[in-house]
Structure formats: C-alpha cells, structure tokens
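# Topology and contacts: notes
Chain by chain, the residues:
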Amino acid sequence: MSQRSSLDTDPYASRFSNSWKLASRQDPVVWDMDASGPLSRQQLLDFEARGYSAFPQLVSANRARSLLAEARHLQSSLDPHLDHVISEPTSQEIRSIFRVHEDNAYFAKVCRDESIVGIARQILGSEVYLHQSRINFKPAFQGKEFFWHSDFETWHMEDGMPRMRAVSISISLTENNEFNGPLMLVRGSHKSYVRCVGETPDEHFRSSLKKQEYGVPSREALHLLVEQGEIVAPKGGPGSAVMFDCNTMHASVGNLSPYPRTNLFLVFNSVDNPLEAPFGGTEPRPRFLSYRP
Ligand code: 6CS
Ligand code: FE
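What this report covers is the structure whose coordinates are included nearby. Just so it is clear, the model here is predicted, and its values are computed rather than measured.

For the rest of this paragraph, the subject is the pairing of strand E13 (residues 261-270). Most of E13 is tucked away: 10 of the 10 residues are buried. Where strand E5 (residues 128-138) meets E13, 10 bridges bridge the pair, whose relative direction is antiparallel. In the sheet register, tyrosine 129 faces E13, and the bridge partner there is asparagine 269. Bridge count for strand E7 (residues 166-172) against E13 is seven bridges, and the pairing is antiparallel. The residue bridging isoleucine 171 from the neighbouring strand is leucine 264, located in E13.

Below, the discussion takes up the nonpolar core. Core analysis: the largest hydrophobic core is formed by 39 residues, its most contacted members being Phe107, Ile116, Ile123, Ile169, Met243 and Phe268. When residues of this core are assigned to their parent elements, the largest contribution, six residues, is made by helix H5 (residues 114-124). Excluding anything up to four places from it in sequence, isoleucine 123 contacts Val29, Val30, Trp31, Asp32, Leu39, Leu44, Phe47, Val167 and Met243.

This next bit is on the coordination of the iron ion (ligand 2). Listed as protein donors to the iron ion (ligand 2) are His149 (NE2), Asp151 (OD) and His250 (NE2); their distances from the metal cover 2.1 to 2.2 Å. On the basis of relative accessible area, histidine 250 is assigned to the buried category, the value being 5%.

Another aspect to go through is the site of ligand 1. Every residue lining ligand 1 is accounted for by Gln132, Arg134, Phe146, His149, Asp151, Thr154, Trp155, Ser208, Leu209, Gln212 and Arg285. Glutamine 132 places a side-chain nitrogen or oxygen 3.0 Å from an oxygen atom of ligand 1. At a separation of 2.8 Å, an oxygen atom of ligand 1 approaches a polar side-chain atom of tryptophan 155. Coverage of ligand 1 by the protein chains reaches 97% of its 290 Å² of free accessible surface. Elements supplying a minimum of two residues to the shell around ligand 1: E5, strand E6 (146-149) and helix H6 (151-159). Ranked by residues supplied to the shell around ligand 1, first place goes to H6 with three residues.

Looking at where serine 14 falls in the secondary structure, it is placed in the segment before strand E1 (21-24). In this structure serine 14 comes out as buried when scored by relative accessible area, which is 0%. Side chain to side chain, serine 14 and glutamate 153 meet in a polar contact 2.5 Å long. Within the local environment of serine 14, its side chain forms a polar contact with the backbone nitrogen of cysteine 196, the two atoms lying 2.9 Å apart.

Here is what the cut-offs are and how they apply
Residues numbered from 1 in each chain as written. Chains lettered and ligands numbered in written order. Predicted model: local features only at pLDDT ≥ 70, side-chain atom pairs only at ≥ 80, totals over all residues. Heavy atoms only, no water. Buried < 20%, exposed > 50% of the residue type's maximum accessible area, 1.4 Å probe, protein only. Helix = DSSP H or I, 4+ residues; strand = E, 2+ residues; numbered from the N terminus. Pairing = 2+ DSSP bridges. Core = buried A, V, L, I, M, F, W, Y, C linked by side-chain atoms within 4.5 Å. Contact = heavy atoms within 4.5 Å. Donors = N, O, S within 2.8 Å, 3.2 Å for Na, K, Ca; no water. Near = heavy atom within 4 Å. Polar contact = N/O pair within 3.5 Å; in protein donor to acceptor, adjacent residues only side chain to side chain. Areas by Shrake-Rupley, 256 points an atom, 1.4 Å probe, with all protein chains shown as cover.

Rendered as structure tokens:
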C-alpha cells in the first residue's frame, strides 16, 4: 500500500504514525460570506464559529412522516446482505441504507429540495453534488453507538477528498430526543484537525460502518477539543435538522429508549473539490459510499 499522505505534501496527513497530533484547519468554513441563499448573514457567521447549525423545522412534519414510512418500508423489504445495506454489529437488523438519492424516488426528490441544497451551496460558495446519502436507523433498545470522529478524516484518507469543502445534514424523520441516541457535536472542533494513529486496513468500510476503529481521535485530543468548545446535542421533532461542517467532531450514543430514531443523512461536496486517489493509499471505496462520476 503506498501512503500518499505525508506531512511534507499533505496538510491533512493522518494514520501515518503511532502518535496523534492536533493541526489547524487550512480551509475556509464559509467559502463566500456574501453568497445568497436561505441563511441570513448571522446564521452564516454562527456556522463559521460553531461548525454546525440546527434547524427546528427544515422539512415539514408531514413530509418527514411520509419519508419515515418509506424508510421503514425499505428497512423491512431490503435484503440486509446487499452491499449498500449495513446491519447492526451484533444482529441482522438494518442500521443504514446508502445511495437512497439514486435508488428511491421519494428520497431522490427531497435530496434535490432547494431549501436543503441551497444551504449547502451558500456555505460552500459553489455548486455542490451529493457525495453520500444514507438512512440511519437506531432501533429502540438496541441501536448501537458511533464513536467520536471527523467525517473529513475518513473522506480524505479513504476517499481522496482533498479539501475541507463539504457539509453534512442530518434530517430527523422521527423525534430526536436526549434518550434515543441523538447526534452530539463538539462546538468549534471543525477548526482543528486531529491526525489519527494507525494504518487503514484494506476494505476498512466492511467493518467501519458497523464500528469504526481506525480514523478515530485519541482520548487526549477529544479532551482538548471539548475544553476549547463544548458538547451539544440539538433536539427536535420530525423534520428538524442539523447541518455540520465535514470536519466537526461528532458521535452518538446507543438507543436504550423505547423510541426508535431514524434520520436521513446527506453529504454535499463542492464541485470544486473533486475526489482524487485516496490519501491513505488504499483502493477507492465503492461508489455508494463516495460518489465518483
Ligand atoms: O464512512 C463514512 O463515510 C462515514 N461513516 C463512518 C462510520 N465514519 C466516517 C463517516 O462518517
Ligand atoms: Fe460521521
């Protein structure tokens, strides 16, 4: 495996040694403060400072409920062994369904909704395309956690995303409360880059989508980031949403409550940030995880 990532040539080098490091971000967060779009200037400034924005009602509650019905239909009809369908680490229950923007008419439509895409375009200051789409299910009582990570670290090392010019949005299809394993983010963490330890195993995605073990930050790094910011967990009803920068540190705990949690997760990348060869030197991941034209 030829590691393309080295400190001399790659500002976001990672997984090349046994020690972790905190580096500073080399890219803007909001790429054009004057870009027009759904967000006010104050919302853009807040996104720049915090690394996320919460929207109490981005999609109507009715639409969120119809999308939830469709998501549940897919969950009960799709074969959990399909490549783009991921099951829970310890059962056959479906945890994620990828590529819904291509495979399903209802989800394809909402993924093109101007009230969503317009925000991504405004923050990234360019046209955007969908790098990844997925429905995440966190079943009642047994949905498992996701450890802390920066999505960008994985997308850079395993997908060849060169710069931090992408945003994710998590749209709640169910209620998202403090009991059912909501998304937690570290405010301000998007301005630091944590170089992680270890080397990427081949076909890492086969295990990382159930439980990520490489490309996760050290506990010391997390202590520092949380001291500089704080942990937040925006809550809301069906149709509420959180948009966050590709490098914002985030995680979610397991769901021990009787309330299932389902969300639609979309990743928009700038058309000016096309994927290259993965910086970690592994083969590119499949297209359902990381779109390449
Ligand atoms: O692999 C991905 O693209 C996403 N999933 C995991 C578990 N980590 C990185 C990123 O969020
Ligand atoms: Fe993530």
